[in-house]
Amino acid sequence: MTNPLLETWDTPFGLPPFARIADGDFAPAMAAALDEGRAAVAAIAENPAPPSFANTIAALELADQLLDRVAGVFYNLSGADANPARDALQRDFAPMLSAYASEITNNAALFARVDDLWQRRDELGLGDEEMRVLTLTHRSFVRSGAALEGAARDRLTAVKSRLAVLGTQFTQNLLADERDWFMALSEADLAGLPEFVVAAAREAGREKGQAGPVVTLSRSLIVPFLQFSPRRDLRERAYRAWAARGANGGESDNRVLSAEILALRAERAALLGYESFAAYKLETEMAGNPAAVRDLLMAVWAPARAQAEVDAERLTAMLHADGINDALAPWDWRYYSEKRRLAEHDLNEAELKPYFQLDAMIEAGFDSATRLFGLEFRPLDVDLYHPDARAWEVTRGGRHVAVFVGDYFARGSKRSGAWCSAMRSQKKLGGDVRPIVVNVCNFAKGDPCLLSYDDARTLFHEFGHALHQMLSDVTYGSISGTSVARDFVELPSQLYEHWLEVPEVLDRHARHAVTGAPIPVALRDRLLAARTYDMGFQTVEYVASALVDLDFHDGPAPADPMAAEAATLARIGMPAAIGMRHATPHFAHVFSGDGYSAGYYSYMWSEVMDADAFAAFEEVGDPFDPETAARLERFILSAGGSQEADQLYTAFRGRMPGVEALLKGRGLDRVA
Ligand SMILES: [Zn+2]
């Protein structure tokens, strides 16, 4: 028997032959793919011919074709349809893939060729895209230490491996604290809690082996508890435990770990010749440097804090009206804010839900893409990896563009959350390859399947990522689709959410599941008006965390991170009734790994851009303006990482983004 993963796929659109692939095929296919990659890399490194773009950089781009194919199928399945065999394979593959990646960056002969081309780059007569790929390839070698020698190289290796150990320990400590704490509730303590919170508390009690309901530190339980429990004493106990995660002393205390992590990161950056870890980290981002991040965060901070102060006064008055003559505390905010929300924006989920049918919302996403970019969607009758997954062929003017797969329903074999991945990415090198793009969500199945408004936004969000993949039009796979800076990659997805909020789109597609009537205008307007509620609080808790993250990495590492955190909060005037969204001992984004270190700002950076980008349509008075849509496709959706993100954005918008549209979108432009 041959291994179907290693054959040529004679299937419609070259879709993987899922029905013929057995889990036992993955390990041998992965081994064969890594062998093939190693052989290709060795042939490039040892090539007796002098280095050229074609025999080195382009050849490297093609070295992993089999690996890309095997990994494309495997990681889609392990995320969307896992089983114990696939979980075990995933654990086996992780160290194999990271060893393979280090072999490439540590290959001195290979780096010598890349570096030689880089030194001679201006004499090579390269096109823009080729120059970009050479630049990125060289930069990634240098950033991983390929240019270091001797003791510095050894030290960098030691620092990296210690950081990996510390990141894992940080996560495990946090999980231990979250797992161990719970607060038992009596039947009387449940008063005032909505049914779904009571049910979740009972379920949590059963999980903890308790006779009655409990509150745990899981966000999905403690946040609604803080929102709804009228018992101030219980809210205070729960909140204090939640805020103390990772800082409970003993074996699982993260405060010491965070100091060591920050010191090692600063050392890593210094070894590589950067002024600070933030300077190292931001070099590859659209923001580019720490000062640009600071400017953005402070521009948002001042109006957010002002709005939060105004809101705090309102909530304090409500606290006093309850006969509690005390200052508003962090365990009060969500409770009084929820009461105020009900009074001011009575939005009933149950009233809204029948208007958001999954199929109608998929159609709304497609229809908007037809009007903006001329894309057409035709259902495909093909075999996929699970009966719930559906496929469409995407065309334009009769020409094939992509295959789009939507896998929308929650099931036990799917990891939580929602995401977009390319089972096959677009590229032209080595043949015109059109993408196969997958959106995976976790909506509750129903007949008809009804979404919450947040679910519908998620659907549009992931479809925005899918458009970035499907409309990609570049030569090299390494810069295709969503292969862009982290603080740029959420632009297409967050931008696409805006089309769900276009009244005309809601009127056309948000129709009652039973009667077919369009959403009543008054309900639609209440829905849209509620979007900016409590944004002062949300913005303050987020920006405070982002500024602490930036301060930690911009300059020498603090010996005492907790003191440094306190100094930052004092400097910016953190409101007393709001806690940071993530305090240092449980700031997993920043300490569990390198993903969002000196990078927590990027969520807001993207939001600044999506608001500013959508304003380009608003300014011409047409959310489907063809000219603006054409520019969006040309400079952003089709361009992948072919230029620096700031150049792409400027080409689209004629200037860099400003914060005005974001402040307006969050309702923060109304306070002085
Ligand atoms: Zn996203």
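Whatever comes next refers back to the structure up there.
Here the structure is a predicted model, which is why all the values come from computation and not from measurement.

Draft legend 1. Representation of the overall build of the protein within the structure. Within the protein one finds 28 helices and seven strands. At 26 Å, the protein has a C-alpha radius of gyration in line with the 26 Å of a compact globule built from 672 residues. Looking at the 672 residues of the protein, the share that counts as buried comes to 53%. Across the protein, contacts joining residues at least 24 apart in sequence account for 73% of those joining residues at least 6 apart. About 28,300 Å² of surface is accessible on the protein, with carbon and sulfur atoms providing 53% of the total. Here the protein carries 67 positive and 95 negative side-chain charges, and the mean point of each set is 2 Å from the other.

Draft legend 2. Quick look at the nonpolar core. One finds Phe356, Phe463 and Trp499 to be the most contacted residues of the largest nonpolar core, which totals 125 residues. No other element matches helix 22 (residues 535–553), which puts eleven residues into this core. For phenylalanine 356, the contacting residues outside a window of four places in its chain are Met361, Cys449, Leu450, Leu451, Tyr453, Ala456, Leu506, Ala510, Ile519 and Leu527. Within the second largest apolar cluster, 55 residues are counted, among which are Met30, Leu66, Phe74 and Ile104.

Draft legend 3. How the structure looks around the coordination of the zinc ion. At 2.1 to 2.2 Å from the zinc ion lie its protein donor atoms, namely His461 (NE2), His465 (NE2) and Glu490 (OE). On the primary sequence, the residues serving as donors to the zinc ion are separated as H-x3-H-x24-E. On the criterion of sequence distance, the pair formed by histidine 465 in helix 17 (residues 453–470) and glutamate 490 in the loop between helix 18 (486–489) and helix 19 (491–500) is long-range, its members being 25 residues apart. Look at histidine 465 and you get buried, because its relative accessible area is 9%. Overall, glutamate 490 belongs to the partly exposed group, its relative accessible area being 22%.

Draft legend 4. Seen up close, helix 2 (residues 53–63). For helix 2, the tally of buried residues reaches eight of eleven residues, placing the bulk of the element in the interior. Where helix 2 is buried, its residues contact helix 1 (26–45), helix 3 (65–80), helix 5 (108–119) and helix 6 (128–143).

Draft legend 5. How the structure looks around the packing of aromatic side chains. With the rule as written, the count across this model stands at 37 aromatic pairs. Taken together, a centroid distance of 5.1 Å and an interplanar angle of 80° make the contact between phenylalanine 366 and tryptophan 392 edge-to-face. Linking phenylalanine 366 in helix 16 (residues 358–373) with tryptophan 392 in strand 4 (residues 390–396), this pair joins segments that are 26 residues apart in sequence. In this structure tryptophan 392 comes out as buried when scored by relative accessible area, which is 9%. Three or more aromatic residues joined by ring pairs make a cluster, and in this case those are Phe366, Phe377, Trp392, Phe404, Phe460, Phe463, Tyr496, Trp499, Phe614 and Phe617. We note arginine 415 situated over the ring of tryptophan 419; from NZ or CZ to the ring centre the distance is 3.9 Å. Sitting over the ring of tyrosine 596, arginine 486 keeps its end group 4.6 Å from the ring centre.

Draft legend 6. Region of the structure containing the side chain of glutamate 497. Turning to its location among the elements, glutamate 497 is positioned in helix 19. Setting aside its immediate chain neighbours within four residues, glutamate 497 contacts Arg457, Phe460 and His461.

Draft legend 7. Layout of the state of the cysteines. Counted according to the given criterion, the structure contains zero disulfides. Cysteine 420 takes part in no disulfide bond, and the closest cysteine sulfur to it belongs to cysteine 441, at a distance of 9.7 Å.

Draft legend 8. Local environment of the environment of alanine 510. By secondary structure assignment, the location of alanine 510 is in the loop between helix 20 (503–509) and helix 21 (521–529). Of the residues examined, alanine 510 reaches a relative accessible area of 0% and is grouped as buried. Along the sequence, alanine 510 and threonine 284 sit 226 residues apart, while their C-alpha atoms lie 41 Å from each other. Once you skip the residues sitting within four places of it in the chain, alanine 510 turns out to touch Tyr355, Phe356, Met361, Val505, Ala517, Pro518 and Ile519.

The rules behind the values
Each chain has its residues counted from 1, running along the sequence as written. Under the rules for a predicted model, residues below a pLDDT of 70 receive no local features and side-chain atom pairs below 80 are neither given nor counted, while totals for whole chains, interfaces and linings still include all residues. Only hydrogens and water are set aside when side-chain values are computed; all heavy atoms of the structure are taken into account. Put simply, DSSP marks the helices as runs of H or I at least four residues long and the strands as runs of E at least two long, and each gets a number from the N terminus on. In this setup the radius of gyration rests on C-alpha atoms only. A globule is expected at 2.2 Å times the number of residues raised to 0.38. Burial classification: accessible surface area is computed with a 1.4 Å probe over protein chains only, and a residue below 20% of its type maximum counts as buried, one above 50% as exposed, and the rest as partly exposed. Every residue pair with non-hydrogen atoms within 4.5 Å of one another is taken to be in contact. Where accessible areas are quoted, they stem from the Shrake-Rupley method and a 1.4 Å probe; at the residue level, only the protein chains shown are allowed to cover. None of His or the chain ends enter the tally, which takes Lys and Arg as positive and Asp and Glu as negative. Here the site of a charge means NZ on Lys, CZ on Arg, CG on Asp, or CD on Glu. By nonpolar core we mean a set of buried residues, namely Ala, Val, Leu, Ile, Met, Phe, Trp, Tyr and Cys, connected to one another through side-chain atoms within 4.5 Å. Metal donors: N, O and S atoms at distances within 2.8 Å, or within 3.2 Å for Na, K and Ca, with water omitted from the atom set so that some sites may seem incomplete. In this scheme Phe, Tyr and Trp rings, the latter by its six-membered ring, pair at centre separations within 6.5 Å, and the angle between planes marks the pair as stacked below 30 degrees, edge-to-face above 60, and tilted otherwise. By definition here, charges over rings are those cases where NZ of Lys or CZ of Arg is within 6 Å of the ring centre and within 35 degrees of the ring normal. For this text, the term disulfide refers to a pair of cysteine sulfurs within 2.5 Å.

These values are about where atoms sit, not about what they do.
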